[in-house]
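Coordinates in review
Below are the chains, spelled out letter by letter.
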Amino acid sequence: MDLKIQGRIIAVLPEVGGISKAGKEWKKQEYVLETFDQYPKKICFNAFGTKVDEFAIQEGETLTVSIDIESREFNGRWYTDIRAWRVERGVEPAMGSMDGYGAAQGIAGGAPSFPQAQQAVPQAQSEFNAPAEGDDLPF
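The paragraphs below set out a description of the structure included in this document. (Residues numbered from 1 in each chain as written. Predicted model: local features only at pLDDT ≥ 70, side-chain atom pairs only at ≥ 80, totals over all residues. Heavy atoms only, no water.)

**Considering a nonpolar patch on the surface**
On the surface, Val 16, Trp 26 and Phe 48 cluster together into a nonpolar patch covering about 240 Å² of accessible area. You can see Phe 48 is positioned in strand β4 (residues 42-48). Relative accessible area serves as the criterion here: at 33%, Phe 48 is assigned to the partly exposed category. (Patch = residues over 30% accessible without salt bridge, like charges linked within 9 Å, V, L, I, M, F, W, Y side chains within 5 Å. Areas by Shrake-Rupley, 256 points an atom, 1.4 Å probe, with all protein chains shown as cover. Salt bridge = Lys/Arg side-chain N within 4 Å of Asp/Glu carboxyl O. Helix = DSSP H or I, 4+ residues; strand = E, 2+ residues; numbered from the N terminus. Buried < 20%, exposed > 50% of the residue type's maximum accessible area, 1.4 Å probe, protein only.)

Next comes the structure, spelled out in structure tokens:
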């Protein structure tokens, strides 16, 4: 499943890192993206390891981000991780024009499109829809 979100980076959070149990260094950077939907959503996602330097995401950039979503349990609580694995720059803001699963389901940046309602055509009065004599009811 190819999940993509499109929007503008509104925050670059501080990079965090450490040393794993195996003794290897790791780093992670989180970003907040605001979608171009009619009702914009803010989505916090992260880049891990070498992807932090590879992506070099800056505040104010307009991006399409390919993501993986994974949840895991720890001590009876569930934690969800939204991790970027590809970033495309220079994307024009297009409301509700996301590719992939998000557009079809209205998830993560895509909004379902609905055909415009047709205007009702007023009907001429006829003997069948004319008000009855003395009928002063409002309906």
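**A look at the pairing of strand β1 (residues 3-12)**
Bridge analysis of β1 against strand β5 (residues 62-74) gives 6 bridges, and the strand direction is antiparallel. Residue pairing in the sheet places Gln 6 in a bridge with Thr 64 of β5. Examined bridge by bridge, β1 and strand β3 (residues 25-35) share 5 bridges and lie antiparallel to one another. Note that in β3 the partner of Ile 9 across the bridge is Leu 33. (Pairing = 2+ DSSP bridges.)

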